[in-house]
Amino acid sequence: MSLNPSVDPIERRPAPGIVDLRPAVPADLAMLRQWDRDPDVRSSLIDGDWHWETELPRQLSWREWLIAEVDGTPIGFIQIIDPEHEETRYWGCMNAGHRAIDIWIGEPSARSRGYGARMMELAIERCFRDPTVHTILIDPLASNTRSHRFYERLGFEFVVERTFGDHCCRVFKLTRDRKAAVN
Ligand SMILES: CC(C)(COP(=O)(O)OP(=O)(O)OC[C@H]1O[C@@H](n2cnc3c(N)ncnc32)[C@H](O)[C@@H]1OP(=O)(O)O)[C@@H](O)C(=O)NCCC(=O)NCCS
């Protein structure tokens, strides 16, 4: 894809275009696989195999898989889960009222232009639309320091360093109250 390169990333001015989220569908398979091969995406993921082929057709009450588009052109992926009900119990035993988000921009030319922040804003809005949700969690790899800055700029606060499988991660949270305060 080619995006307007004239936007100054240093100034962090919003990149052109309307960012939207839509449900991922089986027809997105080839694109998601292509994004999986991107080195920055690969190195940021705890689990490199998302079993797209079998998982894309599944409709699950505890999970949303979303494609981010800029003016209709897909650029990235967002997963939102309810960790209390997620079937592998990735987060352990959780109380109600949490959501956890995973995000990546698969198109390298679409990174560092403000689209990720907009995608997160839309995902956060989506999570807090449910009045019972009080906290959003994210768990970037401890080594992914650029993403830590990205989340902190969005209002997320560091909670704890935690190992998931073999991976050392940093857990960050954004509470509903904090979100209201940073707006
Ligand atoms: C992290 C990511 C979603 C941020 O979206 P983005 O549109 O690039 O971010 P924005 O333009 O809104 O903000 C720029 C900030 O994003 C982060 N960022 C940019 N490129 C990044 C990359 N390749 N890896 C990690 N973080 C990155 C940085 O914090 C950057 O600020 P900096 O220039 O001060 O370091 C996107 O860069 C990405 O998908 N990176 C690769 C995969 C990844 O790291 N996903 C997060 C897993 S926890």
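Please refer to the structure higher up on the page.
Values in this document were obtained by computation on a predicted structure and should not be read as measured data.

Reading the values: the criteria
Residues numbered from 1 in each chain as written. Predicted model: local features only at pLDDT ≥ 70, side-chain atom pairs only at ≥ 80, totals over all residues. Heavy atoms only, no water. Helix = DSSP H or I, 4+ residues; strand = E, 2+ residues; numbered from the N terminus. Rg over C-alpha atoms; globule rule 2.2 N^0.38 Å. Buried < 20%, exposed > 50% of the residue type's maximum accessible area, 1.4 Å probe, protein only. Contact = heavy atoms within 4.5 Å. Polar contact = N/O pair within 3.5 Å; in protein donor to acceptor, adjacent residues only side chain to side chain.

Chemist: An account of the overall build of the protein is requested, with residue identities and associated values reported.
Modeler: Within the protein, the secondary structure is distributed over six helices and seven strands. Starting at the N terminus, the α and β elements of the protein follow one another as β-α-α-α-β-β-β-α-β-α-β-β-α. Relative to the compact-globule value of 16 Å for 183 residues, the protein shows a C-alpha radius of gyration of 16 Å, a close match. The buried share among the 183 residues of the protein stands at 45%. Long-range contacts, defined as pairs at least 24 residues apart, comprise 64% of the intrachain contacts of the protein with a sequence gap of at least 6.

Chemist: Explain the environment of Gln-79 residue by residue, including any values.
Modeler: The residue Gln-79 is located in strand E3 (residues 73–81) in this model. A sequence separation of 12 residues divides Gln-79 from Ile-67, and the C-alpha atoms of the two residues are 9.0 Å apart. Residue contacts for Gln-79: discarding those within four places in its chain leaves Trp-50, Arg-63, Glu-64, Trp-65, Ala-100, Ile-101 and Asp-102. For Gln-79, the side chain forms a polar contact with the side chain of Trp-65, separated by 2.7 Å.

Chemist: Before we move on, could you go through the side chain of Asp-82 and cite the residues and values that matter?
Modeler: Residue position: Asp-82 is located in the loop between E3 and strand E4 (98–105). A relative accessible area of 12% places Asp-82 in the buried class. Polar contacts involving the side chain of Asp-82 include one to the main-chain amide nitrogen of Glu-84, which spans 3.0 Å. A distance of 3.5 Å separates polar atoms of two side chains, one belonging to Asp-82 and the other to Arg-99. Excluding its chain neighbours within four sequence positions, the residues that come into contact with Asp-82 are Trp-62, His-98 and Arg-99.

Chemist: Help me get a handle on the side chain of Asp-139, residues and values and all.
Modeler: Mapped onto the secondary structure, Asp-139 falls in the loop between strand E5 (135–138) and helix H5 (145–153). A polar contact of 2.4 Å, which involves the side chain of Asp-139, links it to the side chain of Tyr-90.

Chemist: Account for unusual backbone geometry, naming residues and giving values.
Modeler: Even without a glycine there, the phi angle at His-51 is positive, about 50°. Summarising the element assignment, His-51 is placed in the loop between helix H2 (39–44) and helix H3 (52–55). On the accessibility criterion, His-51 (45% relative accessible area) is partly exposed. Despite not being glycine, Ser-112 has its phi angle at roughly 60°, a positive value. One can find Ser-112 in the loop between E4 and helix H4 (115–128).

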